[in-house]
Amino acid sequence: MQSPDILLFDANSIGYAAMFVPDLAKMNVDGLCTAALHGLPASVFRIMRLFPEATPVLLWDGNAQWRSELYPDYKANRLADPATVQIKEAYKAQGKHLRQLFLRLGLPQIAEPSTEADDVAGLITRNAPADLQILMVSTDSDYVQALAPNISLLNPRTDTLIDLTHIATPDFKDGPFSSPEQYLIAKCLAGDTSDFICGLDNIGLKTGVKILEQHGSLEALWQKADNGATFKSKRIQTIVSTQGREIYLRNRKLMDWRQAIVPDDIKVYGAAADPQAFVDITRQFKLPSGSLGLNFIERSHALGRYERWHQHGRLLRQIMNERIVDRPREPCAQPIKPASRFAFGVR
């Protein structure tokens with residue numbers, strides 16, 4: 001993998017995972033759980049040290065209500081267990097403090113109230129120029145669908161680097177897969193237990209891939225059935241049935257980032273680093289990252305990182321809102337101009 005230009009952090013997936021780390025889960029200040037306030041910055045700093053020349057961008061989840069309207073059971077499992085709800089609420093209470101912490105560090109962030117982080121990542125990766133190297137950082141396997149020659153994925157929990165080469169090997173979970181598209185099709189057939197999206201009965205990722213390789217594509221299989229072909233396999237009978245097709249197409253709308261409903265104007269948020277405000281937050285929540293953050297701010301200024309991050313922030317906003325792939329049109333002719341301070345898209 002080439003050295004990345006941009007790191008896209010799936011902030012909520014990383015922060016929420018910290019809630020289940022035993023040593024972190026016990027931490028609190030005045031009754032407020034601080035597991036994510038400890039875990040997420042630690043993970044972000046660690047990954048940034050691995051790729052010091054890359055621009056970090058934190059992506060935050062909004063509520064994609066259209067998915068729940070399409071499929072009322074979407075993520076319903078996360079509300080069924082009282083203990084899970086309690087953990088979710090404890091994490092949610094830390095959200096505004098996490099965003100302020102990173103804002104005071106001067107890190108770019110993207111947060112749209114009606115858009116999930118996945119959808120923003122998809123919008124960026126499929127519209128980004130081919131020479132822009134992007135490393136997505138997430139524990140969510142949905143990100144596999146965005147892999148491309150210039151797009152890779154790092155699982156921060158296992159430090160596994162996932163790229164086009166990796167998914168084509170048996171080392172990749174439930175693999176190999178010939179392409180991200182094949183992975184997505186198989187997942188739409190199998191469903192997604194983490195998001196409580198049901199799939200077709202008795203069809204998992206491996207079975208889905210096997211059927212795709214036997215018949216070339218779902219469309220080819222459906223065409224055979226429409227032309228009168230009969231199948232002994234109950235799994236294939238399920239796939240070609242009216243209900244099976246409806247479930248697959250529904251799941252495709254839910255899972256395929258290209259079909260996501262996203263706003264026309266998405267902003268990248270940032271501000272000039274504020275060392276004192278950052279230290280105040282670390283002291284308020286008894287975080288150990290105070291001195292580390294101050295050294296980070298000082299070094300970033302010395303190395304000119306903030307100016308580069310500003311440039312990339314402007315570029316990302318242009319990528320998201322020009323959408324050359326999604327809705328082809330003439331690219332913006334205005335050059336990306338440097339600014340006197342690191343602040344863009346603030347509203």
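All figures in this text were calculated on a predicted structure; none of them were measured in a lab. Numbering of residues begins from 1 in every chain and follows the order in which that chain's sequence is written. Predicted model: local features are reported for residues with pLDDT of at least 70 only, side-chain atom pairs are reported and counted for 80 or more only, and whole-chain, interface and lining totals are derived from all residues. Calculated side-chain values reflect all of the structure's heavy atoms, with hydrogen atoms and water omitted.

For the purposes of this section, nonpolar cores are sets of buried Ala, Val, Leu, Ile, Met, Phe, Trp, Tyr and Cys residues that join through side-chain atoms within 4.5 Å. The classification of residues rests on relative accessible area computed with a 1.4 Å probe and restricted to protein chains. Under 20% of the type maximum is buried, over 50% is exposed, and intermediate values are partly exposed. Among the nonpolar cores identified, the biggest contains 40 residues, and Phe9, Phe102, Leu107 and Phe296 are the most heavily contacted of them. By the criteria applied, helices consist of DSSP H or I runs no shorter than four residues and strands consist of E runs no shorter than two, each listed in order from the N terminus. Among the elements that line this core, the one with the most residues is helix H3 (residues 35-50), at eight residues. Judged by nonpolar contacts, the second largest core, of 39 residues, contains Val57, Leu59, Ile151 and Ile319.

What follows is about the packing of helix H6 (residues 117-127) against helix H15 (residues 305-322). Note on geometry: axes are C-alpha line fits, over the in-contact stretch for helices, and angles between N-to-C directions span 0 to 180 degrees. In the contact formed by H6 and H15, the axes pass within 9 Å of each other and the chain directions differ by 90 degrees. It follows from the interaxial angle that H6 and H15 lie roughly perpendicular. Taken together, the residues of H15 that come into contact with H6 (itself represented by Val120, Leu123, Ile124 and Asn127) are Leu316, Ile319 and Met320. Ten residue types, Ala, Val, Leu, Ile, Met, Phe, Trp, Tyr, Cys and Pro, are classed as nonpolar, four, Asp, Glu, Lys and Arg, as charged, and the remainder, Gly among them, as polar. Looking at the contact of H6 with H15 residue by residue, the classes come out as six nonpolar, one polar and no charged. The cut-offs work like this: below 35 degrees is roughly parallel, past 145 is roughly antiparallel, 65 to 115 is roughly perpendicular, and the gaps in between are oblique. Two residues form a contact once any of their heavy atoms are found within 4.5 Å.

The next subject is the sheet that holds strand E1 (residues 6-10). At least two bridges found by DSSP between two strands are what make those strands a pair. If you walk across this open sheet you meet the six strands as E5-E4-E1-E6-E7-E8, and the pairing is mixed. Edge positions in the sheet fall to strand E5 (109-111) and strand E8 (160-162), since each of these pairs with one other strand and no more. Direction aside, the axes of adjacent strands within the sheet are offset by 20 degrees on average. In the sheet, strand E6 (residues 134-137) pairs with strand E7 (residues 151-155) via four bridges, with the strands oriented parallel. Looking at E7, one finds that Val137 is bridged to Leu154. Relative to E1, H3 is tilted by about 160 degrees, and along the sheet it contacts E1, strand E4 (55-60), E6 and E7. Its contacts with the sheet put H15 on E1, E4 and E5, and the angle it makes with E4 is roughly 45 degrees.

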